[in-house]
Amino acid sequence: MRKKVIAGNWKMNKTLNESQELVSKIINGLGNDRKSDVIVCTPFTSLNEVHSLIKNTPVKLGAQNMHYEESGAYTGEISADMLKSVGCEYVILGHSERRVIFEESDEIINTKLKTAISKELKVIFCVGELLEQREKGITMEVISDQVSKGLEGISSKNMGEIIIAYEPVWAIGTGKTATPQQAQEVHLFIRKLISEKYSSSIADNLIVQYGGSVKPDNAGELLSQKDIDGALVGGACLNADSFLGIISSA
Ligand code: PGA
């Protein structure tokens, strides 16, 4: 039985004060809820302070991106060691906003994955098709390509450190959610890909999150699908009540 994992991707939102306020409300509202794992992926500037607030709570910390090199002349970039030094346990890689706006290729994402794993950071690895790809009927090809290129050279042993998040790009921030059936179909497909590439036991243990306009009122039905093991939440994680609402429907 896989545990549900609910992660909030704060994106470029929340100053330091706002972050402290939001995470405090989340911690207070969570109470003894241990049904699902909860991760907050805050902006870089809030990681350190949020880390001290979540100590001794069930909430875990993640970053939204990192560079693939260990250190050096990469103005404006953040390394895996830097993330570890402020208490990060997770990092989101391959988010569609990184792929589309910042033109990150599958190869770059794969290099980042390898660096993160070598530094013992767990990865939330995002994949998802564009609207025109879904309309052309090539969703599964796109997902298969992103999964195989993104996981190139990642060993079976390291698959335990990876969560895959299926986020159809047309559903991100648009209010359009994939139907539970559409999402389930892709999640099952991803699990099959992992089973073929690695093994059925690795596939059975893999957490596959859904992301794209998850809200308290649609989370229950999405999360009740057999292969949907959690959610990667954008807009609705910026408000404690709606994030807690999603967590409680898991
Ligand atoms: P959304 O974002 O919930 O605002 O659609 C999800 C994400 O981009 O991870």
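Residues numbered from 1 in each chain as written. Predicted model: local features only at pLDDT ≥ 70, side-chain atom pairs only at ≥ 80, totals over all residues. Heavy atoms only, no water.

Undergrad: What's the story with the overall build of the protein in this structure? I'm lost.
TA: Looking only at helices and strands, the protein features eleven helices and eight strands. Relative to the globule expectation of 18 Å for 250 residues, the C-alpha radius of gyration of the protein, 17 Å, shows essentially globular dimensions. The principal-axis extent of the C-alpha atoms belonging to the protein is close to 45 × 45 × 35 Å. Looking at the protein residue by residue over its 250 residues, the buried ones come to 52%. Taking all contacts inside the protein whose residues are at least 6 apart in sequence as the whole, residues at least 24 apart take part in 73%. As displayed, the protein has an accessible area near 11,300 Å², and 49% of this comes from carbon and sulfur atoms. Taking the average place of the 27 positive charges on the side chains of the protein and the average place of its 32 negative ones, the gap between the two points comes to 4 Å. (Helix = DSSP H or I, 4+ residues; strand = E, 2+ residues; numbered from the N terminus. Rg over C-alpha atoms; globule rule 2.2 N^0.38 Å. Buried < 20%, exposed > 50% of the residue type's maximum accessible area, 1.4 Å probe, protein only. Contact = heavy atoms within 4.5 Å. Areas by Shrake-Rupley, 256 points an atom, 1.4 Å probe, with all protein chains shown as cover. Lys, Arg positive; Asp, Glu negative; His and termini not counted. Charge placed at Lys NZ, Arg CZ, Asp CG, Glu CD.)

Undergrad: So what exactly am I meant to see when it comes to the packing of helix H7 (residues 139-150) against helix H8 (residues 180-197) here?
TA: Helix packing geometry: the angle between the two helix axes and the distance between the axes. Between H7 and H8, the shortest axis-to-axis distance is 11 Å and the interhelical angle comes to 40°. Put simply, H7 runs oblique to H8. Remark: the crossing between H7 and H8 carries right-handed chirality. Across the interface between the two elements, Thr139, Met140, Ile143, Ser144, Val147 and Ser148 of H7 pack against Glu185, Val186, Phe189, Ile190, Leu193, Ile194 and Lys197 of H8. Split by residue class, the contact of H7 with H8 holds eight nonpolar, three polar and two charged. (Axes fitted to C-alpha atoms, helices over the stretch in contact; angles between N-to-C directions. Parallel < 35°, antiparallel > 145°, perpendicular 65-115°, else oblique. Left-handed = near helix turned anticlockwise from the far one by under 90°. Nonpolar A, V, L, I, M, F, W, Y, C, P; charged D, E, K, R; others polar.)

Undergrad: What should I look at first to understand the site of the ligand in this one?
TA: In the neighbourhood of the ligand, 13 residues make up the surrounding shell, with Lys11, His95, Glu167, Gly173 and Ser213 lying closest. One nitrogen or oxygen atom from the main chain of Gly173 is found 2.7 Å from an oxygen atom belonging to the ligand. Within the backbone of Ser213, one N or O atom sits 2.7 Å away from an oxygen atom of the ligand. Protein chains shield 97% of the accessible area of the ligand, which is 290 Å² for the free molecule. Of the residues belonging to the shell around the ligand, the class tally is four nonpolar, seven polar and two charged. (Near = heavy atom within 4 Å. Polar contact = N/O pair within 3.5 Å; in protein donor to acceptor, adjacent residues only side chain to side chain.)

Undergrad: Before we go on, may I ask you to explain the pattern of salt bridges in this structure?
TA: Proximity of charged atoms lets side chains of opposite charge pair with each other. Inspection of the entire model under this criterion finds 16 salt bridges. Here Lys112 ties to Glu104 by a salt bridge, and the two come within 2.8 Å at their closest N and O atoms. Taken individually, Lys112 and Glu104 each receive the classification buried, so the pair is uniform in this respect. The structure contains a network of salt bridges with shared partners spanning Arg2, Arg191, Asp227 and Asp229. (Salt bridge = Lys/Arg side-chain N within 4 Å of Asp/Glu carboxyl O.)

Undergrad: Would you mind showing me how to read the environment of His67 here?
TA: If you trace the backbone, His67 turns up in the loop between strand E3 (59-63) and helix H3 (80-85). Using a relative accessible area of 10% as the deciding quantity, one classes His67 as buried. Sequence spacing of His67 and Ile163 is 96 residues, and the spatial spacing of their C-alpha atoms is 19 Å. The contact partners of His67, leaving out residues within four places of it in the chain, are Tyr74, Glu77, Ile78, Lys112 and Thr115. Here Glu69 takes part through its backbone nitrogen, which lies 2.9 Å from a polar atom of the side chain of His67.

Undergrad: Sorry if this is basic, but what is going on with the sheet that holds strand E7 (residues 208-211) here?
TA: The pairing of strands in a sheet happens through backbone hydrogen bonds and is either parallel or antiparallel. Read once around its circumference, the closed barrel built from eight strands follows the order E1-E2-E3-E4-E5-E6-E7-E8, with strand pairing classed as parallel. Ignoring strand direction, the axes of neighbouring strands in this sheet form an average angle of 25°. Pairing of strand E4 (residues 90-93) with strand E5 (residues 122-127) involves four bridges; the strand directions are parallel. Looking at the pairing, Val91 lines up with Val123 of E5. (Pairing = 2+ DSSP bridges.)

Undergrad: Where do I start with the nonpolar core in this structure?
TA: The nonpolar side chains of a soluble globular protein tend to be buried, and buried together. With 66 residues, the main nonpolar core has Leu151, Ile162, Ile190 and Ile194 as its most contacted residues. Apart from residues no more than four positions distant in its own chain, Ile162 is found in contact with Leu113, Ile117, Val123, Phe125, Leu151, Ile154 and Leu206. Counting residues in hydrophobic clusters, the runner-up holds twelve residues, among them Ile39, Cys41, Ala165 and Ile207. (Core = buried A, V, L, I, M, F, W, Y, C linked by side-chain atoms within 4.5 Å.)

Undergrad: Please clarify how helix H10 (residues 216-223) should be interpreted in this entry.
TA: Spacing of three or four residues puts side chains on the same side of an α-helix, whose turn is 3.6 residues. Every buried residue of H10 is listed here: Asn218, Ala219, Leu222 and Leu223. End-on, the buried residues of H10 take up no more than an arc of 125°, which puts them together on one face. At its buried positions, H10 is contacted by strand E1 (4-9), H8, E7, strand E8 (230-233) and helix H11 (240-248). (Arc of directions from axis to C-beta.)

Undergrad: When you look at the packing of helix H1 (residues 16-30) against H11 in this model, what are you seeing that I'm missing?
TA: Relative to each other, H1 and H11 sit at 40°, their axes nearing to 9 Å. Relative to H11, H1 is oriented oblique. Seen from above, H1 lies across H11 with right-handed handedness. Taken together, the residues of H11 that come into contact with H1 (itself represented by Leu22, Lys25, Ile26, Gly29 and Leu30) are Ala240, Phe243, Leu244 and Ile247. Its residues placed into classes, the contact of H1 with H11 shows seven nonpolar, one polar and one charged.

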